[in-house]
Structures are given as structure tokens and as C-alpha cells.
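Descriptive structure summary
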Amino acid sequence: MREPGLAIRRSVDVRTTGRKPKLEKTLTVVLTIAVLQVLDAASLESQQAANPAGPQIVHHVPRTTLPIEIDAILDEAAWKQAATIALDVETKPGENIAAPAETECLITYDDHRLYVAFRAQDPEPEKIRARLADRDSAFSDDWVGLALDTFNDQRRAFEFFVNPLGVQMDLTMDDVNDDEDSSWNAIWSSAGRLTETGYVVELSVPFSSLRFPHTRGDQTWGVDLLRMMPRSTRHRMSNNPQDRDVNCYVCQFSKLVGFRGITPGRNLELNPTFTGGATEVRDSFPNGPLETGDEVSDLGLTVSWGVTPNLHLSGTVNPDFSQVEADAAQLEVNTQFALFFPERRPFFLEDADLFRTRLNTVFTRNVADPSVGLRATGKAGKNAFGVFVAQDDLTNLVFPGNQGSDSDSFDFETTDSVLRYRRDLKGNSAIGALVTNRSGGDYSNLLTGIDGLVRFSESDALEFQYLRSETEYPSSIVVDFDQPGGAFSDDALSLSYVHNDRLWRWWAVYEDFGDDFRADMGFIPRVGFRHMRSGAHRTWWGQNDDWHTEIKVGVNGDRVQDQGGQRLEQTFETWASVRGPKQSFAEINLSTRERFFDGVEFEEDQISTYIEFQPTSQLELELWAVFGDQVDFANTQAGEVLTLKPEIRLDLGRHLRTRLSHEFRRLDVDGGTLFEANLTQARFLYQLNLRTFLRAVFQLTDVTRDPTLYTIDDTMDDDIEARTQRLFTQLLFSYKLNPRTVLFLGYSDNYRGDQDIQLTQENRALFLKVGYAWVL
């Protein structure tokens, strides 16, 4: 499992390319059948190699009929009969050494719930990090919890973590796509309590919040019990040792046996919602008055039904797809391709990991304004499936190319649908199929494909995906966005081979996207490329008396060309990183790139660095910096870029969390500075208690340009503003009894300015959302 909150390596890495092979549908079907047979045979031969050696540790979990109150006191008689498991192994930074603190876990269950408790002792209890926070926001604290592989298929896990004050964090772990997702939210109970010698956590998970096999006998679940103890380094403790030569996480779980005859009960949830809002807009900007705009109120209903423990249906009418979490702003200057913003709406987040594939073929934020939606997911034996359909009143489209992309929104309706199937193969491998479709009026986009993962050994894996698209645009889009007319189709292919052991990681990737390939239900803003890349890095792990916990040194190389064979980019990178005391991490990256853009060859040399550390438990500092050569894409000329992005996280007491960041970007060209861009963001959150918080968000963008340096044509100066400013503010009151029983009351506004107009309020809005989870 990756540790949430650790730094992600930042480096230049172009990921989408393309080609145009002409494959017939019949050949696709034949290839699918052939690949399935070959993979199943290959996986059978490698099954022993792909599973970690050694006996499986089994814990028998007793059933209780005695009551348990979730209060972190553990004085009920039921806990005396529970299974007791010690978390006696440190897996990071130490490699399967004795844990530095004593932790025991108690597990039992009754007809309706799983009960888990932790007693966490600490040799220095005054250093325990515990703050009140919103759910999924306490990963920098001390915490305990467990990951459950309820189907015992070594591919997926539900994760439940709790900090010492009872703050909940729940995630899903998808070992097939190597993705850990905190956007999943279940309804469960927890409590935490600090003691003189450590802390105690107690939690219960209703079986209605889980998916598991439909059987009357005993069940076997995989389990990993975890404790995170952040001090100068982050100590990860578990009941399971982790083999760093094994390239999977869930496959190394120990086993829980029990849960005979459990069911999720009726498992019917009704989630009615009310949303309302009022806006004021300055139609005559900047001197006109703010005038009353739309006043909206909507009632919606979402129904979720667990038909069986492993089959789940949900439907929504007039759904609430409102979003109260403000997206992190991004600078949109001198970029080639559309920016990506993650999905945050609850309806699409349930079982979202099933729809993920190697390429981003399902991006549900494309469903912009749906009036109705249906979804079904299930798993039986080795087979898993998912389907959703939505009627969308607003259509968002991205028009990709090999050197840039465009996008727009259109007011015609579409029916959006996705069908996903995945079959587990032996040796922790899998193969899947995907169909997505968007259609409405004269527009249609159909995508079909297969994908798979084959683990040949504990350290080696092959991943692939083949896709074919069939598209037709309305004539107005063809003309306005210079798109192909009539019906057109094309293909995409992605292959990767990865070796990962405790010392070495190396990989090779080939991607090939046709010029006319479109994935309109996904997010693929670049097509018309062939892309080959490879790399390797070596890790040196620190010992107990070393100043560092790990050092990595690596090299990467890639080549991108269009479908005619013209080289577009060729990059070589070398980098090094170190992780050390005070939870510090530093990386430096040196890259050289040859780029062909708009008919001109460029050479780019860059240095980038990233640094983070925590001087105290309340303060975290980060800095990302880039300087060197960069193409001016607006004017097709060479330039020199400087990017600085410092960030500060400061926690004051147990209630107040602040995060401040600033991004500065400057591009110099012959003749002077083309632009300077500044993006400042501030978030202040005061957590009154486990359920209630107040939050303020501020995002200011300020870009200055020299119009005389924009030399595309003689009329361009009139279109380039010397200065543009944008300010967004949001104030929010939030009360959450659980993820779906909520009350949000907020205010937001937008300001705009330029070289002639100071920042002036453009609009403002009040909004209210009330949701209730009625579980039957």
C-alpha cells in the first residue's frame, strides 16, 4: 500500500501518443478470444511464481451475540472473546524488523457488523499527532486501521483508518491498476481516545457497506492491519511482513476466517437531496450593478440497493451532482493540452475503481448535467462487471491533436453509457473488456476495447490495452473545430512491461494512438502519436543508524513521433532522490529534450527539483522549482522558463488547519519577458468537532503579458491583454453526520480585472445543500 500524503515524484513525462492501424471488428473478436486463452495458460504456468512464498497466516474470528458500543473504551464483554492480533512488524522504513511500539488489534462480528479495536501504546505519548479534521484528511496524523480483501481474490481491498480522535479515512485499493482512491466513502462508525500511554480506537463497519461473496458457509477474507506513527520518519507497522521483491500489495495479506452466514440485510438506501441557490450577476461589466440572477431549487433522489452481497444497483432521478469542494486552480498559460480536474461527485465515485483502465477511457466529469442515471456493479467468482447510463443535457467535448487540443460545451443532449467487464486469471492476473458510448442527434462516439494485466513472476508484469473508436460529429462542429466529416474510426494501443524488486525497477512502454482516435467518455487530449519510453532506477535502503531511509537514482528516455514518422519529441532524463529525517524528501531532475513543434526544431535543457520536510509536527514546507529552456507555443519560438511553487501547511492546535501555496511562472524570449503568471491559493479550515467545520478558500490568478512580443500575425496585439486577473472566494459551513447525511451552506464569488479595470466583482452566489441517508 502506498502511504497517503507522501510526495509524488515530479518529472516531465509525455504519456499519450497515437497511430492508425486498420483492424476489422471480426479480427478484434478473434484476437480477444486468442489473448484470453494465451493469458490464462501463461498465468497457470506462473501462478506459483506470482504469489509470495511462505505459509499463509490464518486468524479465526469468533461471532459475538453481546452488544458493543463504539466509544473507544473497550469495556464490553464481547472484546474479551475477540480474536487478538499483534502488529509486531515494521515494514517501513525498517524492512520487516521489530515494531518500535506495541499495538494489538481485536476483531469480532455479529449478524450485522464487523467490529475492530486497536490498543496503540507509545513510548513517547506526548508526541502523538492527533487533530480534528474532515474525513479523509488526517493522513499526516497517527492512525490505525485495516485493509480488507473481502473476496479473497488478491486484487482489491476496502480500507478503514482512524486517527486517535476518531477521524475517519476510507479508501479502496485496486491492485490491478495500482491505484489507491480516497474518494470512496462508506457509512461506518468510529471513536478514538488518547490515553496516558497511547491511544485507543474502536470502529464498526456494517456489512451493508461492504461487498463479499454470497455464501452460507465460512468466508475467508484477506486482511492487513496497519498503524502509522509519524515522527522524524513515518513508521509503518503491520501484522504482515512485506516482501519488497513482490510487486503486489493485496497478495501479501494474511487471512481472516469466519463470518458464517453473514448478509448485508435489506441493504436499501434512500438518499433524498435538496439543493438551492441564488445568484447575482453584473451583466454590464464593470460599471453596471449586480442584478438578481437565477434562483434555483431542486429535489433529487438516489436509491441504492444491494440485491445480494456481491451485486449492487443504484439509480437517481434529478440527481444532485453539485460540488462543494473547490477544484485546485491551475495556471493555463503556455500549455498545449486540456487540463485535468478529478471527479468529486458522489454518484460516480461508488465502485469507480472497476471502471478504471490503463488509459483514461472513463472520465465521468464529461457527464456535465444529467437528468437521470442508472448504475449496476457486481462480482461473482472470477467475474466482475459494471455498467452505468446517464441522460446528459450538456455535452462537453475535447478535440485532441498531436500538438494541441481544443474543447467546448454544447447544449445538445446525449445518452452516455459505459459497460465494463473484468475476469480474474490465475497468478493475480486479469483481463477485461470495455464499451463506452455517447450519442445524441447527429453526434456519436463508440469506443470498444480489451485490456489486461499478466504477472509473470513476483516482480514482473505485462499490461496492455487496445481500443477502437467510431465517431461522427455534427456539421457545425466539423466546420468550427476543423474535425473530420462523416463517420470516421481509428485505434489506440498501449503496452508496458515493468520489473520491480527491492533494489531495481525498470520499465518499457509503447503507446500508439491514431490521428482519428476519439475517447469522448474519457480524457485523452492527445492523439496522432507513437510513443516509446523506458527507464530504470536503483534503490538503496537505509539501516537503523543511517541518516537516510532511502536513496534512488534513475534514468528515463522517450521518443515521440507522429504517424508519418516525424520525430516530435526525444527526451533523456537522469534523476536522484533521497528520503531522510524530519519526513524530508528531495529530488533533482536533469533533462534534455529535442522537440519539433509547428515545423520548427527546438532543443530544451531543464533542471527541476522538489523538496519537502516537516520541521515540526505542525509545520510542513514544500518547494517545486523548474528552470531552463521551454518552447513558447503561442509564437513558435525558443524561450527560457522559471517556475517556483512553494507551499506551506500549518496546523494550529487541534482545530485549525491552513494551507498556503503560490506558483510563479515566467517565460523570457528574445526581446524580453513574454509573460509572468502568479497563482496564489489559501485554504483555512476550522474543525469545530468530528462532524462540523468552517472553511474559507481564496484563489487569485494574475498574469501580465507583453503584447508586442506576440508575433503570430499583425492583428494579434489587439487580442492579447497586457494583464488579466481572476479572484475566486468561497466560504462554507459543513455538517456531516455521515458521507451522505449532510448540510452545506455556502457563499462564493468571482472577481475579474485587466490592464484597464481593477479587480471587480463579477458575480456572487449563496447555496444550500441538504442530504439524508435513509438506510433500511
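All values derive from a computational prediction rather than experimental measurement. (Residues numbered from 1 in each chain as written. Predicted model: local features only at pLDDT ≥ 70, side-chain atom pairs only at ≥ 80, totals over all residues. Heavy atoms only, no water.)

Where empty space is left in the structure can be found by rolling a water-sized probe over the atoms. In total, this model carries 6 cavities of 30 Å³ or more according to the counting rule given. Reported here for the largest cavity is a volume of approximately 210 Å³. The wall of the largest cavity is formed by 17 residues, among which Phe151, Arg156, Gly378, Lys379 and Ala384 lie closest to the centre. Considering each element in turn, the lining of the largest cavity owes the most residues, 3 residues, to strand S19 (residues 370-380). Grouping the constituent residues of the lining of the largest cavity by class yields 5 nonpolar, 4 polar and 8 charged. Reported here for the second largest cavity is a volume of approximately 90 Å³. Along the walls of the second largest cavity sit 13 residues, with Val176, Asn177, Asp451, Gly452 and Glu463 positioned nearest its centre. (1 Å grid on protein atoms, 1.4 Å probe; cavity = no way out; pocket = protein on both sides within 12 Å on 5 of 7 lines; lining within 4 Å. Points joined across faces, edges and corners; volume = space filled by probe spheres on them. Helix = DSSP H or I, 4+ residues; strand = E, 2+ residues; numbered from the N terminus. Nonpolar A, V, L, I, M, F, W, Y, C, P; charged D, E, K, R; others polar.)

Taken as a whole, this structure holds 1 disulfide when the rule is applied. The disulfide partner of Cys248 is Cys251, and the S-S distance across this bridge is 1.8 Å. Judged by the sign of its S-S torsion, about 80°, the cystine formed by Cys248 and Cys251 is right-handed. Accessibility expressed as a relative area gives 8% for Cys248, which makes it buried. (Disulfide = S-S within 2.5 Å. Buried < 20%, exposed > 50% of the residue type's maximum accessible area, 1.4 Å probe, protein only.)

Turning our attention to the side chain of Gln687. Its location among the elements puts Gln687 in strand S37 (residues 672-687). Residue class for Gln687 comes out buried when judged on its relative accessible area of 0%. Of note is the side chain of Gln687, whose polar atom sits 3.4 Å from the backbone oxygen of Thr692. Beyond its immediate stretch of four places on either side in the chain, Gln687 contacts Leu132, Ala133, Asp134, His655, Thr692 and Phe693. (Polar contact = N/O pair within 3.5 Å; in protein donor to acceptor, adjacent residues only side chain to side chain. Contact = heavy atoms within 4.5 Å.)

Let's shift gears to the pattern of salt bridges. This structure, assessed with the given rule, holds 43 salt bridges. With a closest N to O distance of 3.4 Å, Arg526 and Glu569 form a salt bridge. Here Glu569 lies in strand S31 (residues 567-580) and Arg526 lies in the loop between strand S28 (504-513) and strand S29 (529-541), a separation of 43 residues in the sequence. Just as Arg526 is buried, Glu569 falls in that class too. One salt bridge in this structure joins Asp651 and Arg649, with 2.4 Å as the shortest N-O distance. (Salt bridge = Lys/Arg side-chain N within 4 Å of Asp/Glu carboxyl O.)

Within the secondary structure layout, Thr471 lies in strand S26 (residues 460-472). Of the polar contacts made by the side chain of Thr471, one reaches the side chain of Asn445; its length is 2.8 Å. Among all residues touching Thr471, those that are not within four sequence positions of it are Ser444, Asn445, Gly486, Ala487, Phe488, Arg518 and Asp520.

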